[in-house]
Amino acid sequence: MAALDDLDLETLDFGSVGPREFARIVKGLPTRRIAELMSGTHRRRVLDEVFGRMHTLFKPDAAAGKDALIRWRITDDAGGADDVYETHIGGGTCTVTPERTDREPQLSLTMAGPEFLRLVSGNASGPTLFFTRKLKVKGDIRLAGGLTYFFDIPKP
């Protein structure tokens, strides 16, 4: 593969990129490239792909006994509308809805697109993002602290 800074993100088929390769791409991209991607025309395609795969990385045993709705708000620093997805964990499954429901979530997470990509690719830790004010948490802080254990997040 070409140098990551030269990677053509406009034509990259994110559907064909596995989780480990995705983590490597995010790790190797300069911050400005990630910000460009997450403020450009392909933002929704990338978010849909990430959330669309979430159930495949879910570890039901780690989330046994949990029943929680998590609302993800990915802010758009370019002035566009924020993207909202909801993840429901319960009954040994993880389902994602690409919109806000009327149900009150146990946990709401708000962050910018680049921080979201770093978090879900294993290139950033939730606590670090939280303590540096790049991740806002509302609701069940214990659920937030254990959320990454419910998923098989690749190591870059």
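Computed from a predicted model, the values in this text were never measured in an experiment.

Right, let's talk about helix α2 (residues 31–39) for a bit. Turning to α2, its buried residues are R33, I34, L37 and M38. Projection of α2 onto a plane perpendicular to its axis shows the buried side chains occupying an angular sector of 130°, all on one side. In this structure, the buried side of α2 is in contact with α1 (19–28), α3 (43–53) and α4 (113–120).

The predicted model of the protein chain averages 88 in pLDDT, with 91% of residues at 70 or higher. Between residues 1–5, whose pLDDT stays under 50, and residues either more than four places distant or in other chains, the model counts eleven contacts.

Another aspect to go through is the environment of G79. Examined against the element boundaries, G79 turns out to sit in the loop between β1 (67–75) and β2 (83–90). For G79, a relative accessible area of 67% corresponds to the exposed category. Along the chain, G79 and S39 lie 40 residues apart, while their C-alpha atoms are 8.6 Å from each other.

A separate point is the side chain of D83. Its place among the elements puts D83 in strand β2. You can call D83 buried: its relative accessible area is 8%. A distance of 2.6 Å separates the side chain of D83 from the side chain of R43, its partner in a polar contact. At a separation of 2.9 Å, a polar atom in the side chain of D83 contacts the side chain of R44. Setting aside anything within four residues of it in sequence, one finds D83 in contact with R43, R44, L47, W72, R73 and I74.

It is worth spelling out the pattern of salt bridges at this point. Evaluated as defined, the whole model comprises eight salt bridges. A salt bridge links E36 to R32, with the nearest nitrogen and oxygen atoms 3.9 Å apart. Remark: R32 and E36 occur in helix α2; sequence separation between them is four residues, near one turn of the helix. What makes E36 partly exposed here is its relative accessible area of 45%. We classify R32 as partly exposed; its relative accessible area is 46%. Here E36 makes a salt bridge to R33, at a shortest N to O gap of 3.9 Å. One end of the pair, E36, and the other, R33, are both in helix α2, three residues apart, so they sit about a helical turn from each other.

Turning our eyes to something else, we now look at the packing of α2 against α4. In contact at an axis separation of 8 Å, α2 and α4 are set at 110° when each is read in the N-to-C sense. Put simply, α2 runs roughly perpendicular to α4. Here α2 contributes T31, I34, A35, L37 and M38 to the contact with α4, which in turn contributes G113, P114, L117 and R118. Taken together, the residues of the contact of α2 with α4 break down into six nonpolar, two polar and one charged.

Attention shifts here to α4. Owing to its 3.6 residues per turn, the α-helix aligns residues three or four sequence positions apart on the same side. Taking burial as the measure, the eight residues of α4 include eight buried ones, the bulk of the element. Taken as a whole, α4 has its buried residues at G113, P114, E115, F116, L117, R118, L119 and V120. Structurally, α4 contributes buried residues whose contacts are with α1, α2, α3, β1, β4 (107–112) and α5 (126–131). Immediately downstream of α4, the backbone of G122 shows phi near 80°, a positive value.

Rules used throughout
Residues numbered from 1 in each chain as written. Predicted model: local features only at pLDDT ≥ 70, side-chain atom pairs only at ≥ 80, totals over all residues. Heavy atoms only, no water. Buried < 20%, exposed > 50% of the residue type's maximum accessible area, 1.4 Å probe, protein only. Helix = DSSP H or I, 4+ residues; strand = E, 2+ residues; numbered from the N terminus. Arc of directions from axis to C-beta. Contact = heavy atoms within 4.5 Å. pLDDT = per-residue confidence, 0-100. Polar contact = N/O pair within 3.5 Å; in protein donor to acceptor, adjacent residues only side chain to side chain. Salt bridge = Lys/Arg side-chain N within 4 Å of Asp/Glu carboxyl O. Axes fitted to C-alpha atoms, helices over the stretch in contact; angles between N-to-C directions. Parallel < 35°, antiparallel > 145°, perpendicular 65-115°, else oblique. Nonpolar A, V, L, I, M, F, W, Y, C, P; charged D, E, K, R; others polar.

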